[in-house]
Amino acid sequence: LLYCVMRVLAPQSKGFDWDWLRFGMMRLRATATPSREKITRLKSARDIYALGRKLMAEADAAEYTTDMTLIERAVSYRDGLMIALLIHRPWRRGNFASLSIGTTFVMLDGTAVLAIAPANSKTKRRIESEFPDDLYAPLCRYLKIYRPILMTQSVNAQRNTGPKSIEALWVSRDGTKLHEESIKGAIERRTRHAFGKHIPQHWFR
């Protein structure tokens with residue numbers, strides 16, 4: 001940057017010699033190593049989406065095997081749906097984690113709508129979009145089969161008082177709301193296992 005600035009302020013045509021600075025810049029470029037190997041960790045949206053679908057398919061297939069427990073299947077399906085959805089709707093982490101049935105997530109006739117109030121959006125504008133068509137059937141399966149499995153793991157259920165009712169779309173393996181940091185951790189674990197290096201959730205954006 002300094003070399004480029006000096007070439008403009010004091011060009012060589014006016015007697016200034018900046019070759020020494022240019023050679024220094026070239027040496028730095030040749031020996032510099034990136035602090036974060038971001039490029040080598042990037043994956044195409046297609047690959048990441050395929051990972052999401054694979055996790056859901058494995059959860060379904062495990063119904064006929066002993067490869068996963070019931071809870072492991074539910075967690076795998078949930079993680080797969082989240083990953084696939086983030087490819088279509090790469091919302092900010094807080095907004096994604098806050099999806100709540102009946103308010104920011106509403107089921108309609110044959111579709112679902114995701115909505116964030118202006119107060120909770122970075123641009124202070126309402127964010128609203130339909131659930132992706134290709135993930136609507138997996139969504140229904142999650143809501144009908146796998147989310148209830150996770151819900152039964154609540155502390156209340158373990159005390160034989162029945163599952164605690166929560167509105168959060170994403171449910172933890174303990175039957176509670178899946179918080180932002182837990183979603184981040186789940187995505188990083190799944191992508192690390194699939195690709196060798198984790199892909200942070202904010203890279204989806």
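Residues numbered from 1 in each chain as written. Predicted model: local features only at pLDDT ≥ 70, side-chain atom pairs only at ≥ 80, totals over all residues. Heavy atoms only, no water.

## Observations concerning the nonpolar core
- If you look at the biggest cluster of nonpolar residues, it comprises 45 residues, and the most contacted ones within it are Phe96, Phe131, Leu139, Tyr142, Trp170 and Ile183.
- Among the secondary structure elements, those contributing two or more residues to this core are α4 (45–61), α5 (70–88), α6 (93–97), β2 (111–116), α7 (136–151) and α9 (180–195).
- Broken down by element, this core gets its largest block of residues, 10 residues, from α5.
- Not counting residues up to four positions away in its chain, the partners in contact with phenylalanine 96 are Met82, Leu85, Leu86, Trp91, Trp170, Ile183 and Gln201. (Core = buried A, V, L, I, M, F, W, Y, C linked by side-chain atoms within 4.5 Å. Buried < 20%, exposed > 50% of the residue type's maximum accessible area, 1.4 Å probe, protein only. Helix = DSSP H or I, 4+ residues; strand = E, 2+ residues; numbered from the N terminus. Contact = heavy atoms within 4.5 Å.)

## Things to note about the sheet that holds strand β1 (residues 105–108)
- What the 3 strands build is an open sheet, ordered β1-β2-β3; its pairing is antiparallel. Either end of the sheet is taken by a strand with one partner, and the two such strands are β1 and β3 (127–130). Across the sheet, the mean angle separating the axes of adjacent strands is 20° when strand polarity is ignored.
- Together, β1 and β2 form the strand contacts of α7, whose direction differs from that of β1 by roughly 105°. (Pairing = 2+ DSSP bridges. Axes fitted to C-alpha atoms, helices over the stretch in contact; angles between N-to-C directions.)

## Some words on the pattern of salt bridges
- Considering all chains together, one arrives at 8 salt bridges under this definition.
- In this structure, the salt-bridge partner of glutamate 58 is lysine 54, at a minimum N-O distance of 4.0 Å. Of the two residues, glutamate 58 and lysine 54 are both situated in helix α4; the distance of 4 residues between them amounts to about one turn of the helix.
- Measuring nitrogen to oxygen at the nearest pair gives 2.9 Å for the salt bridge that ties aspartate 60 to arginine 141. On the criterion of sequence distance, the pair formed by aspartate 60 in helix α4 and arginine 141 in helix α7 is long-range, its members being 81 residues apart.
- For arginine 141, a relative accessible area of 30% gives the class partly exposed.
- Here the salt bridges share partners, and the residues they tie into one network are Arg78, Asp79 and Arg190. (Salt bridge = Lys/Arg side-chain N within 4 Å of Asp/Glu carboxyl O.)

## Things to note about the environment of serine 44
- Within the secondary structure layout, serine 44 lies in the loop between α3 (38–41) and α4.
- Spatially, the C-alpha atom of serine 44 lies 10.0 Å from that of phenylalanine 204, the residues being 160 residues apart in sequence.

## Here we look at the pairing of β2
- Of all 6 residues that make up β2, 6 are buried, and the element is covered over most of its length.
- Residue alternation in β2 divides its side chains into two sets, Thr111, Val113 and Ala115 and Ala112, Leu114 and Ile116, and both sets are buried.
- Direction of pairing for β1 relative to β2: antiparallel, over a ladder of 4 bridges. Across the sheet, residue leucine 108 finds its bridge partner in β2, namely threonine 111.
- Joining the antiparallel neighbours β1 and β2 is a turn of 2 residues, in which glycine 110 adopts a positive phi near 85°.

## Quick look at α4
- Spanning 17 residues, α4 covers 24 Å between terminal C-alpha atoms, matching the ideal 24 Å at 1.5 Å per step.
- Within α4, burial applies to Ile48, Tyr49, Leu51, Gly52, Leu55, Met56 and Ala59. Each buried residue of α4 lies within a common arc of 150° when the element is viewed along its axis, so the set occupies one face. For α4, exposure combined with an orientation more than 90 degrees from the buried face picks out Arg46 and Lys54.
- Of the surrounding secondary structure, the elements contacted by the buried residues of α4 are α5, α7 and α9. (Expected span 1.5 Å × (residues − 1). Arc of directions from axis to C-beta.)

## Let's talk about the packing of aromatic side chains
- In the structure shown here, the tally under the stated rule is 4 aromatic pairs.
- Centre to centre, the rings of phenylalanine 96 and tryptophan 170 are 5.4 Å apart; their planes meet at 25°, and the pair counts as stacked. Taken as a pair, phenylalanine 96 in helix α6 and tryptophan 170 in the loop between α8 (155–158) and α9 lie far apart in primary sequence, 74 residues in all. Assigned by exposure class, phenylalanine 96 and tryptophan 170 land together as buried.
- Each ring, one from phenylalanine 105 and one from phenylalanine 131, has its centre 6.4 Å from the other, and the planes form 80°; the classification is edge-to-face. With phenylalanine 105 in strand β1 and phenylalanine 131 in the loop between β3 and α7, this pair connects stretches of sequence that are 26 residues apart. Summarising the burial analysis for this pair, phenylalanine 105 and phenylalanine 131 share the class buried. (Phe/Tyr/Trp six-rings, centres within 6.5 Å; stacked < 30°, edge-to-face > 60°.)

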